[in-house]
Structures are given as C-alpha cells and as structure tokens.
Amino acid sequence: ETGVTQTPRHLVMGMTNKKSLKCEQHLGHNAMYWYKQSAKKPLELMFVYNFKEQTENNSVPSRFSPECPNSSHLFLHLHTLQPEDSALYLCASSQDPNGLAGSYEQYFGPGTRLTVT
Amino acid sequence: TQLLEQSPQFLSIQEGENLTVYCNSSSVFSSLQWYRQEPGEGPVLLVTVVTGGEVKKLKRLTFQFGDARKDSSLHITAAQPGDTGLYLCAGEKTNDYKLSFGAGTTVTVRA
C-alpha cells in the first residue's frame, strides 16, 4: 500500500467518449503529478500541481484536462482521445518539492491502463 | 534526446547470480532516485542518493552515485525471482522542480 490510489484501474473508451481518471493521496503531500507510460518509452511527465496550483504543463494536448480541487485529489479529464493515447497513466505525489535535493521523491499509484478504440 | 540513459535495456539471469544496472547522463543532478516497477503496478521508490560518491545499501541491493553526480549504478547480489521488475532511475536537476526518468532496465531472474 503506497498511499496513492487511482480509479479506475482499467478503462476502455471510444474516441468520442468523455471520461475522467481519479487519483487520491493519503500521505499529506503537497504536490501531485500525472505521468504517461507507453511501451518502450520513458515516463513522460504531463502535469504538476503544487499546493493545488498547476506549475507544469509539459506540452500536453488539450484533449487532456487536469483538475486539482485540493492537495489530496487529482483528476484527469479525457475527451476525444486518439488510439495513440492508449497507455498506463500514473499519478504520483511528493511531500514538498522545494528545490532541495531529494524533495521530489515520488510516490506512485498503481496506474490506470487506458485503451482507446 | 534522453537526459538519462539506462543500460542494459534488458537483463535475464539465473537465480543466485549478480547483476549491475547503469544510469548515465552528461548532466549533473542534485540527486538521483531508483525505482522498481512490477507488472500492473506503479513504480516504488527504492533509494535516493544525494552526495557524489555516495554508496547506499538496501539488503542485497547496492546503489552508487558517481563522484561528479552524473551517473549511478545499481548492483544486486545473489538475485532472486522477487527482484524481477523494471528498474527506473530518475534525476533531479537543481531548480528544475521535476524529475527526469530513464527508459528503464527490465530485469528477469529465472528460478
């Protein structure tokens, strides 16, 4: 149990659907992240929220829309996705990314395996 | 261009053998982390190294941070099937406020 939960664990959606991924962290951390993990590629950072404020949008297409209502919850809203968006979407949190070495240790959830048909 | 290069990409060994995974970069990092990811799960943090030349041990796993803080290695002694997984290194650059991940090394330990 890592203290970060994600739902759903698996999602199959058509290209015209709208769905949302949910992440919740029970660790009292201040920062939350969305990553995309595709086969044979490094983890791709998508979004960073620090104290509920978005501090990073790594050139992600607008069909992915994040929402962070508080420091414990993070959503990723999906709309009109493409088949190449099929991947494992990982949520992570870290305690206090203040620039000090080691302050970005990530605690990951189990991921949502997304398949776009 | 990838910031962190991991090698080898795949490693398959027999139970009881030793193995080493490398993580290299031309950039300097304020710290470097190692994660292990099992199929169907998210990565789990194993260790963080901060000081150049630092060596940390976690049971049969030994982690080393290069003197120049540009590279790191993970050595597993007497590997067991439970060590099977994807090993990821990730680096923090000063004032970058995010991690850069390597592509990972898939380790398979055969019983």
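Refer to the structure printed above.
Residues numbered from 1 in each chain as written. Chains lettered and ligands numbered in written order. Predicted model: local features only at pLDDT ≥ 70, side-chain atom pairs only at ≥ 80, totals over all residues. Heavy atoms only, no water.

## Some remarks on the pairing of strand β11 (residues 105-110) of chain B
All names here are of chain B.
Here is step 1: Burial of the side chains of β11 is restricted to one face: Thr105, Val107 and Val109 are buried, whereas none of Thr106, Thr108 and Arg110 on the reverse face is.
Here is step 2: Sheet topology note: the strand β2 (residues 10-14)/β11 ladder contains five bridges and is parallel. Bridge pairing in β11 links serine 12 to threonine 108.
Here is step 3: The sheet contact formed by strand β9 (residues 85-92) and β11 spans three bridges and is antiparallel. When the sheet's bridge partners are listed, glycine 85 is paired in β11 with valine 107. (Buried < 20%, exposed > 50% of the residue type's maximum accessible area, 1.4 Å probe, protein only. Helix = DSSP H or I, 4+ residues; strand = E, 2+ residues; numbered from the N terminus. Pairing = 2+ DSSP bridges.)

## Looking at the state of the cysteines
Here is step 1: With the rule as written, the count across this model stands at two disulfides over all chains.
Here is step 2: Two residues, cysteine 23 of chain A and cysteine 91 of chain A, share a disulfide whose sulfurs are 1.9 Å apart. In this structure the cystine formed by cysteine 23 of chain A and cysteine 91 of chain A twists about its S-S bond by roughly -70°; its chirality is therefore left-handed. On the criterion of sequence distance, the pair formed by cysteine 23 of chain A in strand β3 (residues 18-25) and cysteine 91 of chain A in strand β9 (residues 87-94) is long-range, its members being 68 residues apart.
Here is step 3: Under the relative-accessibility criterion, cysteine 91 of chain A is labelled buried at 0%.
Here is step 4: Note on cysteine connectivity: cysteine 23 of chain B is disulfide-linked to cysteine 89 of chain B, with sulfurs 2.0 Å apart. Taking the sign of the torsion about the S-S bond as the criterion, the disulfide between cysteine 23 of chain B and cysteine 89 of chain B, at about 75°, is right-handed. A residue pair is termed long-range when its members are at least 10 positions apart, and cysteine 23 of chain B in strand β3 (residues 19-24) and cysteine 89 of chain B in strand β9 qualify at 66 residues. For the pair formed by cysteine 23 of chain B and cysteine 89 of chain B, the shared burial category is buried.
Here is step 5: We note that cysteine 68 of chain A lacks a disulfide partner, and the nearest cysteine sulfur, in cysteine 91 of chain A, lies 9.0 Å from it. (Disulfide = S-S within 2.5 Å.)

## Comments concerning the pattern of salt bridges
Here is step 1: Following the criterion strictly, the structure yields four salt bridges over all chains and no others.
Here is step 2: Residues arginine 9 of chain A and glutamate 41 of chain B are paired through a salt bridge, measuring 3.9 Å at the closest nitrogen-oxygen approach. Highlighted residues: arginine 9 of chain A in the loop between β1 (4-7) and β2 (10-13) and glutamate 41 of chain B in the loop between β4 (31-37) and β5 (44-49), drawn from two different chains.
Here is step 3: Owing to a relative accessible area of 35%, arginine 9 of chain A belongs among the partly exposed residues under this scheme. (Salt bridge = Lys/Arg side-chain N within 4 Å of Asp/Glu carboxyl O.)

## A short note on the packing of aromatic side chains
All names here are of chain A.
Here is step 1: A full pass over the atoms with the stated rule returns eight aromatic pairs over all chains.
Here is step 2: The interplanar angle of 45° and the centroid separation of 5.5 Å between the aromatic rings of tyrosine 35 and phenylalanine 108 together place this pair among those described as tilted. A residue pair is termed long-range when its members are at least 10 positions apart, and tyrosine 35 in strand β4 (residues 31-37) and phenylalanine 108 in strand β10 (residues 107-108) qualify at 73 residues. Residue tyrosine 35 shares its accessibility class with phenylalanine 108, and that shared class is buried.
Here is step 3: An angle of 35° between the planes, with centres 5.8 Å apart, marks the rings of phenylalanine 64 and tyrosine 89 as tilted. Here tyrosine 89 lies in strand β9 and phenylalanine 64 lies in strand β7 (residues 64-70), a separation of 25 residues in the sequence.
Here is step 4: A relative accessible area of 5% means that phenylalanine 64 is categorised as buried. (Phe/Tyr/Trp six-rings, centres within 6.5 Å; stacked < 30°, edge-to-face > 60°.)

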